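# Structural overview for review
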Amino acid sequence: MDPNGTLFFPGQSYTIASDVDALFYFVLYLPIFFFILVTGGSFFFAWKYRRKGKDTFTPGIANHTGLEIFWTVIPTILVFIIFVWGFKTYLTMNVPPSNAMEIKVTGQKWFWSFNYKDGASTTNELVVPVNEPVNLLMSSKDVIHSFFIPGFRVKMDVLPNRYTTLWFEATETGEFDLFCTEYCGKGHSEMIGKVKVVTEDEYNKWLTSNSGGSDLPPEQWGAELFKGKACFSCHIIDGNPSVGPTFKGIFGREEKLTNGSTIKVDENYIRKSILEPQAEVVVGFQPIMPTYQGVLKDDEIDALIAYLKTVK
Ligand code: CUA
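Residues numbered from 1 in each chain as written. Predicted model: local features only at pLDDT ≥ 70, side-chain atom pairs only at ≥ 80, totals over all residues. Heavy atoms only, no water.

### Overview of the sheet that holds strand β10 (residues 192-198)
Sheet architecture is open: five strands sit in the order β4-β10-β9-β6-β7, paired in mixed fashion. Each end of this open sheet is capped by a strand with a single partner; those strands are β4 (125-129) and β7 (154-158). Strand after strand, the sheet turns through a mean of 20° between neighbouring axes, direction not considered. Inspection of the sheet shows strand β6 (residues 145-149) paired to β7 by five bridges, in the antiparallel sense. Within β7, the position partnered with F147 by the bridge is M156. (Pairing = 2+ DSSP bridges. Helix = DSSP H or I, 4+ residues; strand = E, 2+ residues; numbered from the N terminus. Axes fitted to C-alpha atoms, helices over the stretch in contact; angles between N-to-C directions.)

Structure follows, in structure tokens:
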């Protein structure tokens, strides 16, 4: 099939995708066939058995047991085919192979974070090796989100206080879209990301280089984290307030807090705002920032602080 997709679907990039699509087309075209057959038949017989003159009468057709059995049995078989086919695909999609590698997915307003073994973590970009089953263990820190990769035909709700799982095996390298498909508030439409499918070698290299620290100077690393951890979806650096205060000239700025006090933004305030964002909120903003506890490590917070000092 066309790798770029069809009218109904994007390209197929997961082992189960062809099965999902085939079932979809079966369920789409079968009723179209019967719609034409039944409406066409109705018109044909209405015309064929119409009253042709004053003295003719339409034949008084009564029941035909054979026909009735025929049109009861055939649809039953068809519905049964759809059920068995769908249920088999459903089971395949819901039972991950035992050798699947596990990645922890956390949804929160309004970004995705991914935690890999060996301590590597990413935000809004899921990196996976090609041709290897990957099992996502998912939970939410706040409201219900839903994790959807159209190219893989997989979607699963992501809930607070409960784990859900979703597995896939990418069949080609490349970048695929990732969406949140459960309306989760103001930033829902920005809760988008990419799935980056790379070769096994690239993946292992990537994992090693991302499992600890960074070689970049702290300000530069901080600038990457600002983008990579999606801070920018609420804090912009051009001086205008967004969902949260602007980061332009943030360091050393005096801010009025909702508790009536005034603070000067320093290292400790930034650190506290990242880990306990609801504790000291600047006047004029809602206490809606999610905590980055467990998302950012200490050295990453250091790097972000170093970066914020440079945003003037
Ligand atoms: Cu998260 Cu919509």
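### With respect to the pattern of salt bridges
A full pass over the atoms with the stated rule returns five salt bridges. Ionic pairing is found between E255 and R253, a salt bridge with its closest N-O pair at 2.9 Å. Of the residues examined, E255 reaches a relative accessible area of 12% and is grouped as buried. (Salt bridge = Lys/Arg side-chain N within 4 Å of Asp/Glu carboxyl O. Buried < 20%, exposed > 50% of the residue type's maximum accessible area, 1.4 Å probe, protein only.)

### A look at the nonpolar core
If you look at the biggest cluster of nonpolar residues, it comprises 36 residues, and the most contacted ones within it are I103, Y116, L126, L136 and F147. What L126 contacts, discounting residues up to four positions off in sequence, is I103, F114, Y116, L136, F147, F168, K194, V195 and K196. Core analysis: the next-biggest nonpolar cluster, separate from the first, contains 28 residues, C231, Y292, L296 and V311 among them. (Core = buried A, V, L, I, M, F, W, Y, C linked by side-chain atoms within 4.5 Å. Contact = heavy atoms within 4.5 Å.)

### Topic: the state of the cysteines
Applying the stated rule across the entire model yields zero disulfides. The cysteine C234 is free of any disulfide, with C231 supplying the nearest cysteine sulfur at 9.2 Å. (Disulfide = S-S within 2.5 Å.)

### Quick word on the sheet that holds strand β3 (residues 121-123)
Read across the sheet, five strands follow the order β3-β2-β1-β5-β8 without closing on themselves; strand pairing throughout is mixed. In the strand order of this sheet, the two ends are held by β3 and β8 (164-168), each with one partner. This sheet shows a mean twist of 25° between the axes of neighbouring strands, independent of strand direction. Bridge analysis of strand β5 (residues 134-140) against β8 gives five bridges, and the strand direction is antiparallel. Bridging across to β8, M138 finds its partner in T164.

### Side note on the packing of aromatic side chains
Applying the stated criterion across every chain, the model contains 20 aromatic pairs. Arranged with centres 5.9 Å apart and planes meeting at 50°, the rings of F226 and F247 form a pair that is tilted. Placement of F226 in helix α4 (residues 218-228) and of F247 in the loop between α4 and β11 (254-256) is noted, with a sequence separation of 21 residues between them. Take F226 and F247: they sit in the same class, and that class is buried. By way of ring pairs, the aromatic residues F44, F45, W47 and Y49 are connected into one cluster. (Phe/Tyr/Trp six-rings, centres within 6.5 Å; stacked < 30°, edge-to-face > 60°.)

### Details of the domain arrangement of the protein
Split by domain assignment, the protein resolves into domain 1 (17-51 + 58-94), domain 2 (101-209) and domain 3 (218-310). For domain 1 and domain 3, the distance between their C-alpha centroids amounts to 60 Å. (Domains from an automatic or database assignment.)

### Observations regarding the pairing of strand β9 (residues 174-180)
Inspection of the sheet shows β6 paired to β9 by two bridges, in the antiparallel sense. In the strand pairing of β9, F147 is matched with C180. Bridge count for β9 against β10 is six bridges, and the pairing is antiparallel. Each residue of the ladder has a partner; that of D177, found in β10, is K194.

### Digging into helix α5 (residues 267-275)
Structural remark: α-helix, 3.6 residues per turn; residues separated by three or four positions point the same way. Three or more residues of α5 are buried, namely Y269, I270, S273, I274 and L275. In this fold, the buried residues of α5 make contact with β12 (262-264) and α6 (298-310).

### Looking at the packing of α5 against α6
Put simply, α5 and α6 touch, their axes get as near as 10 Å, and they point 125° apart. On the basis of the axis angle, α5 is oblique to α6. Crossing of α5 over α6 shows right-handed handedness. Every residue of α6 that contacts α5 at E267, I270, R271, I274 and L275 is listed here: D298, I301, L304, I305, L308 and K309. A breakdown of the residues in the contact of α5 with α6 according to their chemical character gives seven nonpolar, no polar and four charged. (Parallel < 35°, antiparallel > 145°, perpendicular 65-115°, else oblique. Left-handed = near helix turned anticlockwise from the far one by under 90°. Nonpolar A, V, L, I, M, F, W, Y, C, P; charged D, E, K, R; others polar.)

### With respect to empty space enclosed by the protein
Scanning the model with the defined rule gives one cavity of 30 Å³ or more in all. Quantified by volume, the largest cavity comes out at close to 580 Å³. In this structure, the largest cavity is lined by 34 residues; those nearest its centre are H235, P245, F247, S273 and M289. Top contributing element to the lining of the largest cavity by residue count: α5, with four residues. (1 Å grid on protein atoms, 1.4 Å probe; cavity = no way out; pocket = protein on both sides within 12 Å on 5 of 7 lines; lining within 4 Å. Points joined across faces, edges and corners; volume = space filled by probe spheres on them.)

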